[in-house]
Amino acid sequence: MRMTDPMAADGHHALKWLASDDGSVDRSFAAGLDSLRAQQRHLQQSLRDGFQTRTEVLEWCHAVDVVSGGQTPETWHEDLVKDRWEVACLMAETDDRVAICDQAPRDDETADAFRRRLIRKVLLPAFQDATEMLRERVGEFSDEDVKDAERIQYVAGRPRLHQRAVEQHGMLRRTLRDPPGVESEVMAWAEDIIHMTEGHVRSGFIEDVLDRHGNWWHSLTRGPSVRLEWLLAGEIFPAMNATLSELVTNSNELADVAGRAKEVPPG
């Protein structure tokens, strides 16, 4: 019996559920923390397998932030993507590693050793923190009102966290592939960033983005580039992460009630 991915079909981010070979298992519910662990393990395996492009690395970083509830270190995205050797180690193919950094390891063993260290130093501590924070808040039930449910509909059983994660990831994917090119698009992009980070970007962000002599303007309007990746990792990723962390720590929503349609009050 295969456990399906609730988000991959829409291309939101690479979260997949582990398959089970035991067809007799009663799946009348899918435990929230167990589902989250399955997503975390999938992302670890994605890292061990390696990536094809730098863009995939940034999207993977955000997926890690999501399933860790924003508990990853604030600067880990920037520290990673600005180090060409480290980014190169994340590539699956030797030629892709060398294209990014001349000093990148040619052998898979060295690259894999770096990936294991990244899991040990960044991913596992963040995943542990997320589990500790969520264990008393995540109901061990499915938020799908059907028998034999195989998955929870929302990340960690949290609808609002799920909503923001999807918004953030969609914006990240669009920015990395087709950034805004004219003033009206750049302004709308900046407003969307403020919305999906719930105001966690710094004061004056919009003015800096619209400054035609500034780094943001040049990076956005000239198309995909390493400079744009660095700006996103240095400023937008921490703001998105802070939002995810706040939603995990401050929200008291319950998956079995938050997703239900609310009755319209009389009058």
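Residues numbered from 1 in each chain as written. Predicted model: local features only at pLDDT ≥ 70, side-chain atom pairs only at ≥ 80, totals over all residues. Heavy atoms only, no water.

Enquirer: Sorry if this is basic, but what is going on with the packing of aromatic side chains here?
Expert: Given two aromatic rings, one states the distance between the centres and the angle between the planes to describe the pair. Counted by the stated rule, this structure contains six aromatic pairs. Note on Trp-60 and Trp-76: the rings are 6.0 Å apart at their centroids and 75° apart in plane angle, and the pair reads as edge-to-face. Taken together, the residues span a long stretch of sequence, with Trp-60 in helix α2 (residues 54-67) and Trp-76 in helix α3 (residues 76-81) at a distance of 16 residues. Trp-76 shares its class with Trp-60; the two are buried. Residues Phe-205 and Trp-216 carry aromatic rings whose centres are separated by 6.0 Å and whose planes lie at 80° to one another, so their mutual orientation is edge-to-face. Note that Phe-205 is positioned in helix α9 (residues 205-210) and Trp-216 in helix α10 (residues 215-221), a separation of 11 residues in sequence. Neither Phe-205 nor Trp-216 differs from the other in exposure class; each is buried. Counting every residue linked through ring pairs, the aromatic cluster contains Phe-51, Trp-60 and Trp-76. (Phe/Tyr/Trp six-rings, centres within 6.5 Å; stacked < 30°, edge-to-face > 60°. Helix = DSSP H or I, 4+ residues; strand = E, 2+ residues; numbered from the N terminus. Buried < 20%, exposed > 50% of the residue type's maximum accessible area, 1.4 Å probe, protein only.)

Enquirer: Would you mind going over the side chain of Arg-115 with me for this structure?
Expert: Of note, Arg-115 is situated in helix α6 (residues 108-134). Ignoring sequence-local partners within four residues, the contact set of Arg-115 consists of Leu-47, Arg-48, Asp-49, Gly-50, Cys-89, Leu-90, Met-91, Ala-92 and Arg-97. (Contact = heavy atoms within 4.5 Å.)

Enquirer: Would you explain unusual backbone geometry in this entry?
Expert: A negative phi angle characterises most non-glycine residues, just as the trans form characterises most peptide bonds. Positioned with a positive phi, Glu-198 is a non-glycine residue whose angle comes to about 50°. The topology assignment puts Glu-198 in the loop between α8 (183-196) and α9. Relative accessible area serves as the criterion here: at 25%, Glu-198 is assigned to the partly exposed category.

Enquirer: Would you explain α2 in this entry?
Expert: At 3.6 residues per turn, the α-helix brings residues three or four places apart onto the same side. If you check α2, its first and last C-alpha atoms are 20 Å apart, about what 14 residues at 1.5 Å a residue would give, namely 20 Å. Burial analysis of α2 places 13 of its 14 residues in the buried class, which makes it a mostly covered element. A positive phi of about 60° marks Gly-69, the residue just after α2. (Expected span 1.5 Å × (residues − 1).)

Enquirer: Mind showing me how you'd approach the nonpolar core here?
Expert: One broad rule of soluble globular proteins: the nonpolar side chains tend to lie buried together. Ranked by size, the top nonpolar core spans 61 residues in total, and within it Trp-60, Leu-90, Trp-189, Phe-205, Trp-216 and Leu-232 carry the most contacts. Counting residues per element, this core draws most heavily on helix α11 (residues 226-250), at 11 residues. Residues contacting Phe-205, with those up to four places away along its chain left out, are Trp-189, Ala-190, Ile-193, Ile-194, Trp-216, Glu-235 and Ile-236. (Core = buried A, V, L, I, M, F, W, Y, C linked by side-chain atoms within 4.5 Å.)

Enquirer: Before we go on, may I ask you to explain the pattern of salt bridges in this structure?
Expert: Think of it this way: side chains of opposite charge can pair up when their charged atoms draw near. In this structure the tally under the stated criterion is 13 salt bridges. Between Glu-59 and Arg-177 there is a salt bridge, and its shortest N-O distance comes to 2.3 Å. Here the residue Glu-59 occupies a position in helix α2, and Arg-177 occupies one in helix α7 (residues 159-177), the gap between them amounting to 118 residues. In this structure, Glu-235 and Arg-202 form a salt bridge, with 2.5 Å as the shortest nitrogen-oxygen distance. Separated by 33 residues along the polypeptide, Glu-235 in helix α11 and Arg-202 in the loop between α8 and α9 bring together distant segments of the chain. Its relative accessible area of 17% is what places Glu-235 among the buried residues. Here Arg-202 falls in the partly exposed class, since its relative accessible area comes to 36%. (Salt bridge = Lys/Arg side-chain N within 4 Å of Asp/Glu carboxyl O.)

Enquirer: Could you clarify how one ought to interpret the confidence of the model for the protein chain in this entry?
Expert: Keep in mind that low pLDDT regions are not for reading the predicted coordinates in detail. Averaged over the protein chain, the pLDDT score is 80; the fraction of residues at 70 or greater is 73%. In this model, residues 1-30 is a region of pLDDT below 50 whose contacts with residues beyond four sequence positions or in other chains number 76 contacts. For the stretch residues 255-267, pLDDT sits under 50, and the model shows nine contacts to residues farther than four places along the chain or on other chains. (pLDDT = per-residue confidence, 0-100.)

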